[in-house]
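So the chains spell out like this:
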Amino acid sequence: MGARALWEWEMYGAAAKVDVLALEPNSRIQIRWGDETSGFTEVEWTFKRRGENETFVSIVNSGFQGDGDAVVTQALDSAGGFNMILCALKALLEHGIELNVVADKAPDAHVRPSE
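Definitions and cut-offs
- Residues numbered from 1 in each chain as written.
- Predicted model: local features only at pLDDT ≥ 70, side-chain atom pairs only at ≥ 80, totals over all residues.
- Heavy atoms only, no water.
- Helix = DSSP H or I, 4+ residues; strand = E, 2+ residues; numbered from the N terminus.
- Buried < 20%, exposed > 50% of the residue type's maximum accessible area, 1.4 Å probe, protein only.
- Contact = heavy atoms within 4.5 Å.
- Patch = residues over 30% accessible without salt bridge, like charges linked within 9 Å, V, L, I, M, F, W, Y side chains within 5 Å.
- Areas by Shrake-Rupley, 256 points an atom, 1.4 Å probe, with all protein chains shown as cover.
- Salt bridge = Lys/Arg side-chain N within 4 Å of Asp/Glu carboxyl O.
- Core = buried A, V, L, I, M, F, W, Y, C linked by side-chain atoms within 4.5 Å.

Peer 1: Please clarify how the overall build of the protein chain should be interpreted in this entry.
Peer 2: Within the protein chain, the secondary structure is distributed over two helices and five strands. Seen in sequence order, the protein chain has helices and strands lined up from the N terminus as β-β-β-β-β-α-α. Looking at the protein chain residue by residue over its 115 residues, the buried ones come to 18%. Residue pairs in contact within the protein chain that sit at least 24 positions apart in sequence constitute 16% of those at least 6 positions apart.

Peer 1: Would you mind showing me how to read a nonpolar patch on the surface here?
Peer 2: A surface patch of nonpolar side chains, amounting to about 430 Å² of accessible area, comprises Ile85, Leu89, Leu92, Leu93 and Val102. Of all the elements, helix H1 (residues 68-95) adds the most residues to the nonpolar patch, at four residues. You can see leucine 93 is positioned in helix H1. Judged by its relative accessible area of 74%, leucine 93 falls in the exposed class.

Peer 1: What's the story with the nonpolar core in this structure? I'm lost.
Peer 2: Nonpolar side chains in soluble globular proteins tend to be buried together. Counting residues in each nonpolar core, the largest one holds six residues, listed as Val18, Ile31, Trp33, Val43, Trp45 and Phe82. Contacts of tryptophan 33, omitting those with residues within four sequence positions, involve Trp7, Lys17, Val18, Gly39, Phe40, Thr41, Val43 and Phe82.

Peer 1: So what exactly am I meant to see when it comes to unusual backbone geometry here?
Peer 2: As a rule of thumb, non-glycine residues mostly have phi less than zero, and peptide bonds are mostly trans rather than cis. We note that asparagine 26 has phi near 60°; this positive angle belongs to a residue other than glycine. For asparagine 26, a relative accessible area of 76% translates into the label exposed.

Written as structure tokens, this is what we have:
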């Protein structure tokens, strides 16, 4: 694909540039993100329809760098983050409940408007 996108999280004053490697509507998204210092990883989301109103989402994050302990730490952090977001999206989509899991995980990281 070769496209570059900027993901922004305004409430945290954070952003990440991602390279879009694949985009197949209703099927797959694959990106590469990171930087020269910490290294780059690839993330692939696949979406498989299951029944009339269900979709199974699979996420693979690969390319972690460092020694064994560093790779394990990065993989666990990544898995935990994606799992948290998927659970929150499930609650929102199926029950209309906004869990605020990201805000609750890092309450001191919020960018507060100047008063």
